[in-house]
Amino acid sequence: MLIPRALTAAAATLSSGVLVPLYIDPVGGPDCPGWGALLSSIAAHPSVPVWAVINPASGPGAHGSQAPVEYQQCIPVLRAAAPSVVVLGYVATWEGEASAQSGVNADVDTYAGWHATYRPDGIFFDQVSGQSGDLATYRSFTSRARPMFGDGNGFIALNPGTAPGDDDYYSIADILLTAENFFDDFSVSDISLGSSTPVSKQAVVLTDGPSSPPTSLISQLITTDHLKAFYVTTDSQAGGANPYDDLPTDLEAYIAAIEAAQ
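Worth saying up front: this structure is predicted, and the values here are computed from it rather than measured.

A. Representation of the state of the cysteines within the structure. Per the counting criterion, the structure on display carries 1 disulfide. Across a sulfur-sulfur distance of 2.1 Å, Cys 32 and Cys 74 are joined as a disulfide pair. Taking the sign of the torsion about the S-S bond as the criterion, the disulfide between Cys 32 and Cys 74, at about -100 degrees, is left-handed. Pair noted here: Cys 32 is in the loop between strand E1 (18-22) and helix H2 (36-44) and Cys 74 is in helix H3 (residues 69-80), with a separation of 42 residues, a long-range link. The burial state of Cys 32 is the same as that of Cys 74; both residues are buried.

Shown next, in the form of structure tokens:
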């Protein structure tokens, strides 16, 4: 039986890992220095799952296009770094607005049309409303996208940025980013843990973090709560800055701490 790559990665690795908004130009192969810190960290800790969200141009670029040359060169390098790596393509959904839905599907189609050597393993849907009234829209997005990737069973991530207003969102995705915030503004109580809000499908991403791994918080979220994915970056979103245009200064130590907590 052929097992989709995204599922074999999950089966061969630890339970919890990191979801990395990799909104950084890789610069180009074969060394891909823009992603160098992530590549070396994965090599040092290959059993830690990494869901890496690529974002060449606030999405894949022009509809119907192939990936930029540097992504053509570096996505295979990233994927080859360890079987724990799952590459996701970024797609903004604009809160499910009807006027944006054709563009969302066109972005998904563009990623799906990339050559197999650098095609993503699934899609990261951003700007998700999480509201009951939009569930049918997101169910359509995800059910349409999933068969296009990962040998017919692609990985689907949703980012409402907070707990969704309807728990049925958990049934249409593999992982939900249920807390995206400043590090100092986050509380463990922000995470809803229950049978209808499975922690095994939740991720937390925090910005403006400390310069060393927050080991007590990692212990709580990973060791105790068994959160699926946790990522803290030292990059800042203060003043409207992009907090994902650089990798954390302590990335390798951070991934090591995630590994040690399991």
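B. How the structure looks around the pattern of salt bridges. Counted by the stated rule, this structure contains 3 salt bridges. Here Asp 121 and Arg 79 are joined by a salt bridge, their closest N and O atoms 3.4 Å apart. In this pair, Asp 121 sits in the loop between helix H4 (101-112) and strand E4 (122-126) while Arg 79 sits in helix H3, placing the two residues 42 residues apart along the sequence.

C. Highlighting the packing of H2 against helix H7 (residues 251-260). For the pair H2 and H7, the least separation of the axes is 9 Å and the interaxial angle reads 30 degrees. The way H2 lies across H7 gives a crossing that is right-handed. For the pair formed by H2 and H7, the contact residues are Ala 37, Leu 38, Ser 41 and Ala 44 on the first element and Leu 251, Glu 252 and Ile 255 on the second. Each residue belonging to the contact of H2 with H7 can be placed in one class, and the counts come to 5 nonpolar, 1 polar and 1 charged.

D. Representation of the layout of surface pockets within the structure. Considered as a void within the structure, the largest pocket measures approximately 160 Å³ in volume. Lining the largest pocket we find 14 residues, and of these Tyr 23, Asp 126, Glu 180, Pro 243 and Tyr 244 sit closest to its centre. When contributions to the lining of the largest pocket are tallied by element, the ones reaching two or more residues are E1, E4 and strand E6 (175-182). Looking at the lining of the largest pocket, its residues break down into 9 nonpolar, 3 polar and 2 charged.

E. Looking closely at the nonpolar core. The biggest cluster of nonpolar side chains holds 81 residues, and the ones touching the most others in it are Trp 35, Leu 78, Phe 125 and Phe 230. Sorting elements by how many residues they give to this core places strand E3 (residues 85-92) first, with 7 residues. Filtering out sequence-adjacent residues up to four positions away, Trp 35 remains in contact with Leu 22, Ile 24, Asp 25, Pro 26, Ile 54, Tyr 71, Cys 74, Ile 75 and Leu 78.

F. Highlighting helix H6 (residues 215-224). Within H6, the full set of buried residues consists of Leu 217, Ile 218, Leu 221 and Ile 222. Angularly, the buried residues of H6 cover 100 degrees about the axis, an arc narrow enough to put them on a single face. The exposed set on the far side of H6, more than 90 degrees from its buried face, consists of Thr 215 and Ser 216. Those residues of H6 that are buried are in contact with strand E7 (202-207), strand E8 (229-232) and H7. His 226, located one to two residues past H6, shows a positive phi value of around 65 degrees.

G. Inspection of the sheet that holds strand E2 (residues 50-54) at higher detail. What the 8 strands build is an open sheet, ordered E1-E2-E3-E4-E5-E6-E7-E8; its pairing is parallel. Each of the sheet's edge strands pairs with one partner strand only, and the pair in question is E1 and E8. For this sheet the average axis-to-axis angle between neighbouring strands, irrespective of direction, equals 25 degrees. Pairing of E3 with E4, which is carried by 5 bridges, proceeds in the parallel orientation. Residue pairing for E4: Tyr 90 is matched across the bridge by Phe 124. The strands touched by H3 within the sheet are E1, E2 and E3, with E3 carrying the most contacts at an inclination of about 135 degrees.

Criteria and cut-off values
Residues numbered from 1 in each chain as written. Predicted model: local features only at pLDDT ≥ 70, side-chain atom pairs only at ≥ 80, totals over all residues. Heavy atoms only, no water. Disulfide = S-S within 2.5 Å. Helix = DSSP H or I, 4+ residues; strand = E, 2+ residues; numbered from the N terminus. Buried < 20%, exposed > 50% of the residue type's maximum accessible area, 1.4 Å probe, protein only. Salt bridge = Lys/Arg side-chain N within 4 Å of Asp/Glu carboxyl O. Axes fitted to C-alpha atoms, helices over the stretch in contact; angles between N-to-C directions. Left-handed = near helix turned anticlockwise from the far one by under 90°. Contact = heavy atoms within 4.5 Å. Nonpolar A, V, L, I, M, F, W, Y, C, P; charged D, E, K, R; others polar. 1 Å grid on protein atoms, 1.4 Å probe; cavity = no way out; pocket = protein on both sides within 12 Å on 5 of 7 lines; lining within 4 Å. Points joined across faces, edges and corners; volume = space filled by probe spheres on them. Core = buried A, V, L, I, M, F, W, Y, C linked by side-chain atoms within 4.5 Å. Arc of directions from axis to C-beta. Pairing = 2+ DSSP bridges.

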